Amino acid sequence: MDNPKNEITNEIVEYAARLARLSLSEKEVAVFKVQLGGILNYVSQLNEIDTSNTPPTSHAIPSLLNVFREDVPVKSLPREEALKNAPDESDGFFRVPRVI
Amino acid sequence: MKDTLNGIANYRKWLNAQKRAFSDIASDIAENAAKVNDSVHSFISVDKDEILLKAGNVEKSGHSGALYGVPVAVKDNICIKDVLTTCASRILEGFRPPYNATVIEKLEKAGALVIGRANMDEFAFGSSCETSCYGPTRNPWDISRVPGGSSGGAAAAVAAGQVVASLGSDTGGSIRQPGALCGIVALKPTYGRVSRYGLIAFASSLDQIGPMTRNVEDSAKLLEIIAGHDPKDSTSVDIEVPNYSKELGGGIEGLTIGIPGEYFIEGIAKDVLLRVKEAMEVYRKLGARIVDISLPHTKYALSCYYIIAPAEASSNLARYEGVHYGRRAKANDLIDMYIKSRNEGFGPEVKRRVILGTYVLSSGYYDAFYLKAQKVRTKIKEDFDAAFKKCDIILTPTSPTTAFKIGERMDDPLSMYLSDVFTIPANLAGLPAISIPCGLDGSGLPVGLQLMGKPFGEATLFKAAYAHEKNNIN
């Protein structure tokens, strides 16, 4: 969504909520708009730092790269166990409401 | 129960002298935990039958384990097979994990009596334990105050003697800050030191499991047991686990302790500052060298964290949609079910962070927020790399204030986030850090001292923390 001034509007809150599969009440939108605006305004201080020559850090252990294992089958969680917490199941599958 | 208040070694001495079956003792432990819970609410619930069931397994395990019979509380986000594990969230209502976290396997192998359901902020999003959907935990030192968070229940359970030790998780200070506010020893190990297999993920580049204990010796002992490489966690590092307990007790002459000016800012409570300065004096008298250091990007750490952590959380929490486990809302189609289940299942702080995280990752904002924060993260890490060329450990307060009143910071997320301003940098840089008690403030509330170490430098932290514990007059 286009938002050149980086302002937090009702539409922006609703847009992010929609992406996150949440739907908010009008009251929630109003509260989050103010709170998220405050937080994003605070974190905009990061723009004070020149990072043009700085690589990003995605996690703290640079030596940890591409952890592989031998491609041998190992025992996995039995199907009944995996389904034990399912809100709904049928014939060994997770069952959900209609998709289309 | 006073026998649980003096650490593992004393508890085990007492236990060995008992002429009763362990199940009798476990029954007392369960009853005491339930009684104390009425006022402190460190556990979401205390299930006596479950404790007795576990006690039966402990009895069968034989007496040789290093933690034989030791009651250890476990935060509600670490999976215990068949025991309710809900992250204090409605969305995981009724969830009983089909497997144990690796740390649980290790604790049980050592003979510990594992007690789950230690209360927490919902999904570990918070610094006060107030966002639990089951209601807040109270600080055993003053029940009108918060225990800190998010591992507030795990901290309070140790402080109140419901258990001898506990396990928490720390993403931005969630072990250390409640440890400080409850007056106990609380360690966040180096990123990669402890397997996170079975820890319900919050921010995967920051999360780490660690021990919360009555003393430094217990912290070292617990870390020895839970640390180590695990093929089931690809971020756990294959580095040998030292015998931490053996490192305790040596002198600390010549140890260089760095004091970062950036941490001694306005807004620190006067008594916190006083106690921390007294701790520096303790170290000076023991022969440590105190040097000034600089961590220039400290003031950006909070901003950096409040982009990275919600971003990762929004991704990790995408899995809660009512299909595989937990709460499912009634709905006519699939998308509607996702939305309704999440709406009903998540509390306000979770929604706030998921929306914030989704926004900073969304198309058009990724570079401006998430990528920028990751670059600043590099700067913060480089600060530490440079500082550790001049010192062995870094000393700071754990939290700017002692325990605050329940409700005081709930309406202002930013003021709540500031509780973690001193603990967040260690997560961003992946460093080990420990909070130890260093006396009380004018109201009789505990103050925490934080020591940060080099990657995989837990042994040095323990040694320094132990020296303070034995020589502290407070």
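Preceding block: the structure.
Residues numbered from 1 in each chain as written. Chains lettered and ligands numbered in written order. Predicted model: local features only at pLDDT ≥ 70, side-chain atom pairs only at ≥ 80, totals over all residues.

1. Some remarks on the overall build of chain B
So, point 1. Helix and strand counts for chain B stand at 16 helices and 10 strands.
So, point 2. Against the compact-globule benchmark of 23 Å for 474 residues, chain B has a radius of gyration of 21 Å, which places it among compact chains.
So, point 3. For chain B, buried positions account for 62% of its 474 residues.
So, point 4. Taking contacts inside chain B between residues at least 6 apart in sequence as the whole, the part at least 24 apart equals 75%. (Helix = DSSP H or I, 4+ residues; strand = E, 2+ residues; numbered from the N terminus. Rg over C-alpha atoms; globule rule 2.2 N^0.38 Å. Buried ≥ 20, exposed ≤ 12 C-beta atoms within 10 Å, placed from the backbone. Contact = placed C-beta atoms within 7 Å.)

2. Quick look at the sheet that holds strand 8 (residues 393–397) of chain B
All names here are of chain B.
So, point 1. Strands sit in the order 2-1-3-5-4-9-10-8-6-7 across an open sheet of 10 strands; the sheet is mixed. The sheet terminates laterally at strand 2 (113–118) and strand 7 (289–293), the two strands that pair on one side only. Between one strand axis and the next, the sheet turns by 30° as a mean value, whatever way the strands run.
So, point 2. With six bridges joining them, strand 9 (residues 433–440) and strand 10 (residues 446–453) adopt antiparallel strand pairing. Bridge assignment links Leu440 to a residue of strand 10, and that residue is Pro446. (Pairing = 2+ DSSP bridges. Axes fitted to C-alpha atoms, helices over the stretch in contact; angles between N-to-C directions.)

3. What about the packing of helix 2 (residues 26–43) of chain A against helix 12 (residues 348–361) of chain B?
So, point 1. In contact at an axis separation of 11 Å, helix 2 of chain A and helix 12 of chain B are set at 55° when each is read in the N-to-C sense. As far as their axial angle goes, helix 12 of chain B and helix 2 of chain A are oblique. Crossing of helix 2 of chain A over helix 12 of chain B shows right-handed handedness. Here helix 2 of chain A contributes Phe32, Gln35, Leu36 and Ile39 of chain A to the contact with helix 12 of chain B, which in turn contributes Arg352, Ile355 and Leu356 of chain B. (Parallel < 35°, antiparallel > 145°, perpendicular 65-115°, else oblique. Left-handed = near helix turned anticlockwise from the far one by under 90°.)

4. Re the interface of chain A and chain B
By a frequent convention, interface size equals the accessible area lost on bringing the separate parts together.
So, point 1. On the chain B side, the residues contacting the 44 residues of chain A number 55 residues.
So, point 2. Contributions of two or more residues to the side of chain A that touches chain B are made by helix 1 (10–19), helix 2 and helix 3 (79–83) of chain A.

5. Some remarks on the environment of Ile268 of chain B
All names here are of chain B.
So, point 1. Relative to the assigned elements, Ile268 resides in the loop between strand 6 (256–260) and helix 9 (270–285).
So, point 2. For the pair Ile268 and Thr402, spaced 134 residues apart in sequence, the C-alpha to C-alpha distance is 9.6 Å.
So, point 3. With near-sequence residues (within four places) excluded, Ile268 lies in contact with Leu273, Pro397 and Pro400.

6. Topic: the pairing of strand 4 (residues 185–188) of chain B
Residues and elements named next belong to chain B.
So, point 1. Here strand 4 shows two buried faces, one formed by Val185 and Leu187 and the other by Ala186 and Lys188.
So, point 2. In this structure, strand 4 lies alongside strand 5 (residues 208–213), joined through two bridges in antiparallel fashion. Paired with Ala186 across the two strands is Met212, which belongs to strand 5.
So, point 3. In terms of strand pairing, strand 4 meets strand 9 through three bridges, oriented antiparallel. The residue bridging Ala186 from the neighbouring strand is Ser435, located in strand 9.

7. So, helix 9 of chain B
Residues and elements named next belong to chain B.
So, point 1. Across its 16 residues, helix 9 extends 23 Å between first and last C-alpha, which sits within 8% of the 22 Å expected from 1.5 Å per residue.
So, point 2. Turning to helix 9, its buried residues number three or more, namely Val272, Arg275, Val276, Ala279 and Tyr283. All buried residues of helix 9 lie within an arc of 100° about the axis, which places them on one face of the element. Turned more than 90 degrees off the buried face of helix 9, the exposed positions are Lys270, Glu281, Arg284 and Lys285. (Expected span 1.5 Å × (residues − 1). Arc of directions from axis to C-beta.)

8. A few points about the pairing of strand 10 of chain B
All names here are of chain B.
So, point 1. Of all eight residues in strand 10, eight are buried; the element is thus mostly enclosed.
So, point 2. Alternating positions in strand 10 separate into two faces, Pro446, Gly448, Gln450 and Met452 on one and Val447, Leu449, Leu451 and Gly453 on the other, with burial throughout.
So, point 3. Bridge count for strand 8 against strand 10 is five bridges, and the pairing is antiparallel. Looking at the pairing, Ile394 lines up with Met452 of strand 10.
So, point 4. Where strand 9 hands over to strand 10, the hairpin turn is made up of five residues, of which Gly444 adopts a positive phi near 80°.

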